[in-house]
Amino acid sequence: MNFEKILFSVKDKTAVITINRPKALNALNSEVIAELDAVVQIVEANPQIRVVVIGSDKNFAAGADIKAMIEMNPEQARAFGFTPTFNKLENLSKPTIAAISGYALGGGLELALVCDLRIAAPDAKLGLPEINLGIIPGAGGTQRLSRLIGTSRAKELVFQGAIIDANKALQYGLINEIADNPMEAAMKHAEKIAVKAPLALKAVKECIAMTAKTDIRSGLEYEEVAWSRLYATKDQKEGMRAFAEKRKPIFTGE
Ligand code: CAA
């Protein structure tokens, strides 16, 4: 598939996805979301890809395309919504990293919230300013931000439509790290993760996702089953044999 509204490349074992509407500060419209949806399926199906980095050297994304939404009615707004695609990205079996430069606002920040890790430039600007448009965050912002930083801080930011810098985002636990070059930093993380056992990484994501879905007792049972199932994989044998033989393991995802 040819992409126009996103850029997609694979470097070593890492897929790099960039929104490609620089003149609109990478605002997200239906075409961007359709391409993002397609690329998620390509990434999932390709065993060579172990990690995904989303971001660009300039703006991450300044939100949903406001000009496309002005005259929408509720049904059209529902159909325009990003949640189905963002859910697919969240459920991707491979770790995802958002590299945030410039603006990550509204749907842009919600895209970053779907990722497993977030790295931001010192002068990045993050926020959910939808309240200023007479709406609320509608691509997971109220749900994922609250779970990540707590309901009180989420309300503080969303009530005011506040735009915060990387320092405050780090202090609030919204990002993992500040880096002068977030893409470079994300690629370094990706390189370290890409050599780990893919099925174990998938299991980690599934188990940690359970924390938002279930009570701790059920979560612990889920973890125990996921943990023991990995003993049916070649990678478990390889990882433990490599330890015993004092060498580095080579994981194949089997
Ligand atoms: N939608 C559509 N176009 C956008 C956009 C957006 N979200 N953000 C920026 N643009 C466009 C501008 O209209 C402008 O286009 P023109 O040159 O054709 O006029 C271009 O990008 C450059 O933007 P500015 O001139 O505004 O740049 P600036 O540096 O003065 O300001 C900004 C930057 C503060 C990010 C400002 O553009 C802004 O406030 N953007 C909107 C941010 C926002 O409200 N995002 C939330 C959207 S709603 C949402 O995301 C809903 C949801 O939950 C899914």
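Use the structure listed above.
Below: a short report on this structure.

Reading the values: the criteria
- Residues numbered from 1 in each chain as written.
- Predicted model: local features only at pLDDT ≥ 70, side-chain atom pairs only at ≥ 80, totals over all residues.
- Heavy atoms only, no water.
- Helix = DSSP H or I, 4+ residues; strand = E, 2+ residues; numbered from the N terminus.
- Rg over C-alpha atoms; globule rule 2.2 N^0.38 Å.
- Buried < 20%, exposed > 50% of the residue type's maximum accessible area, 1.4 Å probe, protein only.
- Near = heavy atom within 4 Å.
- Polar contact = N/O pair within 3.5 Å; in protein donor to acceptor, adjacent residues only side chain to side chain.
- Areas by Shrake-Rupley, 256 points an atom, 1.4 Å probe, with all protein chains shown as cover.
- Pairing = 2+ DSSP bridges.
- Contact = heavy atoms within 4.5 Å.
- Axes fitted to C-alpha atoms, helices over the stretch in contact; angles between N-to-C directions.
- Phe/Tyr/Trp six-rings, centres within 6.5 Å; stacked < 30°, edge-to-face > 60°.
- Lys NZ or Arg CZ within 6 Å of the ring centre and 35° of its normal.
- Core = buried A, V, L, I, M, F, W, Y, C linked by side-chain atoms within 4.5 Å.

**Thoughts on the overall build of the protein chain**
Phase 1 of the analysis: The helix and strand tally for the protein chain stands at 12 helices and 9 strands.
Phase 2 of the analysis: Its C-alpha radius of gyration of 19 Å places the protein chain within 12% of the 18 Å reference for a compact globule of 254 residues.
Phase 3 of the analysis: Dimensions of the protein chain along its principal axes, counting C-alpha atoms only, are 60 × 45 × 35 Å.
Phase 4 of the analysis: Here the protein chain holds 254 residues, and the buried ones make up 45% of them.

**Considering the site of the ligand**
Phase 1 of the analysis: Taken together, 23 residues are adjacent to the ligand, and Ala64, Lys67, Gly107, Glu110 and Glu130 come closest.
Phase 2 of the analysis: Residue Gly107 places a main-chain N or O atom 2.8 Å away from an oxygen atom belonging to the ligand.
Phase 3 of the analysis: Within the contact set of the ligand, an oxygen atom lies 2.9 Å away from a side-chain nitrogen or oxygen of Glu110.
Phase 4 of the analysis: For the ligand, whose accessible area on its own is 990 Å², the fraction buried by protein is 62%.

**Remarks on the sheet that holds strand S9 (residues 177-178)**
Within a beta sheet, neighbouring strands are joined by backbone hydrogen bonds and run either parallel or antiparallel to one another.
Phase 1 of the analysis: In spatial order, the strands read S1-S2-S3-S4-S6-S9; together these 6 strands make up an open sheet with mixed pairing. Single-partner strands in this sheet number two, and they are strand S1 (6-11) and S9.
Phase 2 of the analysis: Strands in contact with helix H5 (residues 107-114) are strand S2 (14-19), strand S3 (51-55), strand S4 (96-100) and strand S6 (117-120); relative to S4, the strand with the most contacts, it is inclined by about 145°.

**Brief notes about the packing of aromatic side chains**
Phase 1 of the analysis: Counted by the stated rule, this structure contains 4 aromatic pairs.
Phase 2 of the analysis: For the pair Trp227 and Tyr231, a centre-to-centre distance of 5.1 Å together with 70° between the ring planes defines the contact as edge-to-face.
Phase 3 of the analysis: Judged by relative accessible area, which is 52%, Trp227 ranks as exposed.
Phase 4 of the analysis: Between Arg153 and the ring centre of Tyr172, over which it is positioned, the NZ or CZ distance is 4.2 Å.

**Section: the sheet that holds strand S5 (residues 103-105)**
Phase 1 of the analysis: In space, the 3 strands of this open sheet follow the order S5-S7-S8, with mixed pairing throughout. In this open sheet, the two edge strands, each paired with only one partner strand, are S5 and strand S8 (163-164).
Phase 2 of the analysis: Note that strand S7 (residues 125-127) and S8 share 2 bridges and pair antiparallel. Across the sheet, residue Gly127 finds its bridge partner in S8, namely Ile163.

**As for the pairing of S4**
Phase 1 of the analysis: Most of S4 sits inside the fold, with 5 of its 5 residues counted as buried.
Phase 2 of the analysis: Burial of the side chains of S4 extends over both faces: Thr96, Ala98 and Ile100 are buried on one face and Ile97 and Ala99 on the other.
Phase 3 of the analysis: Here S3 pairs with S4 via 4 bridges, running parallel. Following the sheet pairing, Ile54 is matched in S4 by Ala98.

**Structural notes on the nonpolar core**
Phase 1 of the analysis: By size, the foremost hydrophobic cluster in this structure holds 51 residues, and its most contacted members are Phe60, Phe86, Ile100 and Leu145.
Phase 2 of the analysis: Aside from chain neighbours lying at most four places away, what touches Phe86 is Leu28, Ile33, Leu36, Gly107, Glu110, Leu111, Val114, Ala139 and Arg144.
Phase 3 of the analysis: The next biggest cluster of nonpolar side chains, apart from the first, holds 15 residues, and it includes Val53, Ala179, Ala190 and Ala194.

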